[in-house]
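So you can see what is in the structure, the chains are spelled out below.
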Amino acid sequence: MELNHLDSYILIYRLFSKQLIKWIPKIIHQTAYSNKDEWHPIWKHCQQSTLKHFKDFKYRFWDDDSLDNFVKEKYPQIYEEYKNFSTHIFQLDCVRYLLLHHFGGIYIDMDIYCYNNFYDELKGDVNLVESINDELVQNSLMASIPNHSFWMDCYELTLHRTKTIKLKPNLNTFFKKEADENDNLIRLISGPLMLSDCVKQNKHSVYILPYQYFNHEPLSYKKEFKTKHMQSGMWGKEIKQNFYKVMSQDNSNVPLEEYHKYSYKMKTSIDLKQLWFL
C-alpha cells in the first residue's frame, strides 16, 4: 500500500509527536537549605560539577519554603497529609517524587558529583540509579518524563507506610557507623527500599542506570564514571539538628565547615582538604 504525501506527513507527525511526548525535559532539580553557610562542604563541589556539565539545562534549586509552596500550589489535595508527615525526611523524599511527576527532568542529590553529562544515558521514561546490598535502586539520582504515574505510586506507598510503620522515639544518631534502626525504617517507608519495592511491582517499565558508571563509593574513581555519590549523610532537619547537638557536646570551637570536614573524615575516611578523588 502506497502512502500519498499527506498520509506520509501525518505518519511522520504522529511518530514525531509521540517521541516528543516521551522526551525527558532538560531540567535539573536540587534541594537544600537556603542558607549556604550551613551546607556540607562537599555540596558546593558537587553542585558546581552539575552546573558545569549541564550548562544548557534549566536549573531549579528548591529550599524548604519553595518546596512547601510547590506542593501547596500543585498538589493541594495532598498538602495537608504531606505537612502532617511525622518527620521532615519523609517530606524531602516525597517531594522529589512530586517534582519529577509534575515537571519531569532530572533530580540530583546535593552530594552527587557529576563527571559528565549523562542525559543520553537516560533510556527509559523513568530512570533510577542502581544500588547495592538490600536496595535495588537509589533515590539519590532519578530522571523522568512529566506526569508519569510511577511517582504517584511512590507517594501512595510512602503515605501507606507512614501510617503503618512507626519510627523509634529518637531519630538517628549522627556518628554511628552501623546502620541505625531508624535509618533502615526511613529507607523502607520513603527512601530507596520503598522505591525498590515500587520497581519490583512490575507495573511500570523502569530503566536502571548501572552501578559501575553511577557509583556509590566515595573513595573510588574510574574514568568511566558518570557520577559518584559522596554520601554526606545530611538529609532532613532532624539530621542537621543532631549534627549541631553532637558538635555542641564536643565543645568544639572550630568553624562549622571545618567540623563538617572533620566528621565527614571520621565517617568516610575522606579528607576534604585533599580533593584528588574528584
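A short tour of the structure in this document, coming up. (Residues numbered from 1 in each chain as written. Predicted model: local features only at pLDDT ≥ 70, side-chain atom pairs only at ≥ 80, totals over all residues. Heavy atoms only, no water.)

Bringing unusual backbone geometry into the picture now. Although it is not a glycine, N133 adopts a positive phi angle of roughly 60 degrees. Position of N133 relative to the elements: it lies in the loop between β5 (126-130) and β6 (137-144). Phi is positive for N147, close to 60 degrees, though the residue is something other than glycine. Assignment of secondary structure puts N147 in the loop between β6 and α6 (149-164). (Helix = DSSP H or I, 4+ residues; strand = E, 2+ residues; numbered from the N terminus.)

What follows is about the sheet that holds β6. Strands sit in the order β2-β1-β3-β6-β5-β7 across an open sheet of 6 strands; the sheet is mixed. A strand with exactly one partner marks an edge of an open sheet, and here the two such strands are β2 (58-62) and β7 (206-209). Across the sheet, the axes of successive neighbouring strands diverge by a mean angle of 25 degrees, strand direction being ignored. Summarising the sheet, strand β1 (residues 27-31) and strand β3 (residues 105-108) pair through 2 bridges and their orientation is parallel. Bridge pairing in β3 places H29 opposite Y107. (Pairing = 2+ DSSP bridges. Axes fitted to C-alpha atoms, helices over the stretch in contact; angles between N-to-C directions.)

Spatial ordering of the open sheet is given by β4-β9-β8, a layout of 3 strands whose pairing is mixed. In this open sheet, the two strands that pair with only one neighbour each are β4 (112-114) and β8 (214-215). Direction of pairing for β8 relative to strand β9 (residues 227-229): parallel, over a ladder of 2 bridges. The residue bridging F214 from the neighbouring strand is T227, located in β9.

On to the pattern of salt bridges. Considering all chains together, one arrives at 10 salt bridges under this definition. Salt-bridge contacts for E121 lead to K226; the nearest nitrogen and oxygen are separated by 3.8 Å. Residue E121 is located in the loop between β4 and β5, and its partner K226 is located in the loop between β8 and β9; the two are separated by 105 residues in the primary sequence. A salt bridge links D197 to R161; the nearest nitrogen and oxygen atoms lie 2.7 Å apart. One end of the pair, D197, is in helix α8 (residues 192-200); the other, R161, is in helix α6, with 36 residues separating them in the sequence. D197 sits in the partly exposed class, given a relative accessible area of 23%. (Salt bridge = Lys/Arg side-chain N within 4 Å of Asp/Glu carboxyl O. Buried < 20%, exposed > 50% of the residue type's maximum accessible area, 1.4 Å probe, protein only.)

Counting buried positions along β1 yields 5 of 5 residues, so the element is predominantly enclosed. A two-sided burial pattern is seen for β1, the buried positions comprising I27, H29 and T31 on one face and I28 and Q30 on the other. Across 5 bridges, the pairing between β1 and β2 is parallel. Following the sheet pairing, I28 is matched in β2 by Y59. Between the parallel pair β1 and β2, the chain is carried across by helix α2 (residues 41-53), and the sense of this crossover is right-handed. (Right-handed = clockwise from strand over helix to strand, strands pointing away.)

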